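Secondary and tertiary structure notes
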Amino acid sequence: MGKRIVGVILGLALTALTGGGLQVWAMPEMTFSDIRPTDWHAGYVMTLSSLDVVRGYSDSTFKPNETISKAEFIVLAVKARYDDIVPASGEHWAMSYIRKAEALGAIDSGGAVELEMNATITREEAARILVKTAGEEGLEQPADPLSVFSDMADVKAANQSYVHQAVAKGWLSGYPDGSFRPANEVTRAE
């Protein structure tokens, strides 16, 4: 479990949906054939599924070890904060959410074409989207930003503050070896 991002979306979703106070949630009935109650991510996935923030596949699987695309991640981050988004019709299924992310500055305006919507999202990209969609910018930064993780120099300079803020909020975490691994792809369980 320590090697996983615990609650990438959970922290954002629960903060958004509970008004900032963390509540204990009873684990909903298991509905995905590939998630066991003992899996580190089971409670997170089932809670977010019951809130309709995440969904599985038509074959009753969740595919927790598959990577998540940029479009899927944007939908999750926006859906966790805003429940008034009407899904797009006649265009890419995520366009309504992408437009909201653009309006929030989470991705560059008009960037949907360049977004490569089906490309997988990295940890540093996820940090930026989480912070920007939550409107949580402006947390105090550490005196030496490069000292937070052993590989912080590998995080693009433009994303370092987002990584710090997402970690400070508990939405992302590092690995037991002290690294952040900014280029790692995010899985659906994460």
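Above: the structure in question.
Please read all numbers here as calculations on a predicted model, not as lab measurements.

1. Here's the deal with the overall build of the protein
Counting its secondary structure elements, the protein contains six helices and zero strands. Reading the helices (α) and strands (β) of the protein from amino to carboxyl end gives α-α-α-α-α-α. Counting all 190 residues of the protein, 46% fall into the buried class. Accessible area for the protein stands at about 9,500 Å²; split by element, carbon and sulfur atoms hold 50% of it.

2. Observations concerning the packing of aromatic side chains
Following the criterion strictly, the structure yields three aromatic pairs and no others. Between Phe149 and Phe180, the aromatic rings sit 5.2 Å apart at their centres with planes inclined by 40°, giving tilted as the arrangement. With a gap of 31 residues between them, Phe149 in the loop between helix H5 (123–134) and helix H6 (157–168) and Phe180 in the segment after H6 connect regions that are remote in the sequence. On the basis of relative accessibility, which here comes to 10%, the residue Phe149 falls in the buried class. Residue Phe180 is classed as buried on the basis of its relative accessible area, which comes to 0%. Sitting above the plane of the Tyr57 ring, Lys63 keeps its charged end 4.3 Å from the centroid. Residue placement shows Arg188 over the ring face of Phe62; its charged tip is 4.1 Å from the ring centre.

3. So, the nonpolar core
Within soluble globular proteins, side chains that are nonpolar tend to cluster in buried spots. Judged by nonpolar contacts, the single largest core of 45 residues is most densely connected at Phe73, Ile74, Ile98, Ile121, Ile129 and Val163. Here this core gets eight residues from one element, more than from any other, and that element is helix H3 (residues 70–81).

4. Quick word on unusual backbone geometry
Here the phi dihedral of Ser60 falls at roughly 70°; this positive angle occurs in a residue that is not glycine. Along the chain, the position of Ser60 falls in the loop between helix H2 (42–50) and H3. Take Ser60: its relative accessible area is 40%, and that puts it in the partly exposed class. Phi is positive for Arg181, which is not a glycine, with a value near 55°.

5. Let's talk about the environment of Ser179
Position of Ser179 among the secondary structure elements: in the segment after H6. Residues Ser179 and Val148, 31 residues apart in the sequence, show an inter-C-alpha distance of 8.7 Å. Leave out the neighbours within four places in its chain, and Ser179 touches Phe149, Ser150, Asp151 and Gly174. Within the local environment of Ser179, its side chain forms a polar contact with the side chain of Arg181, the two groups lying 3.0 Å apart.

6. Thoughts on the pattern of salt bridges
A full pass over the atoms with the stated rule returns five salt bridges. Measuring nitrogen to oxygen at the nearest pair gives 3.0 Å for the salt bridge that ties Arg36 to Asp39. What makes Arg36 exposed here is its relative accessible area of 52%. Note that Asp52 and Arg55 form a salt bridge whose closest N and O atoms lie 2.8 Å from each other. Note on Asp52: relative accessible area 34%, which makes it partly exposed.

Here is what the cut-offs are and how they apply
Residues numbered from 1 in each chain as written. Predicted model: local features only at pLDDT ≥ 70, side-chain atom pairs only at ≥ 80, totals over all residues. Heavy atoms only, no water. Helix = DSSP H or I, 4+ residues; strand = E, 2+ residues; numbered from the N terminus. Buried < 20%, exposed > 50% of the residue type's maximum accessible area, 1.4 Å probe, protein only. Areas by Shrake-Rupley, 256 points an atom, 1.4 Å probe, with all protein chains shown as cover. Phe/Tyr/Trp six-rings, centres within 6.5 Å; stacked < 30°, edge-to-face > 60°. Lys NZ or Arg CZ within 6 Å of the ring centre and 35° of its normal. Core = buried A, V, L, I, M, F, W, Y, C linked by side-chain atoms within 4.5 Å. Contact = heavy atoms within 4.5 Å. Polar contact = N/O pair within 3.5 Å; in protein donor to acceptor, adjacent residues only side chain to side chain. Salt bridge = Lys/Arg side-chain N within 4 Å of Asp/Glu carboxyl O.

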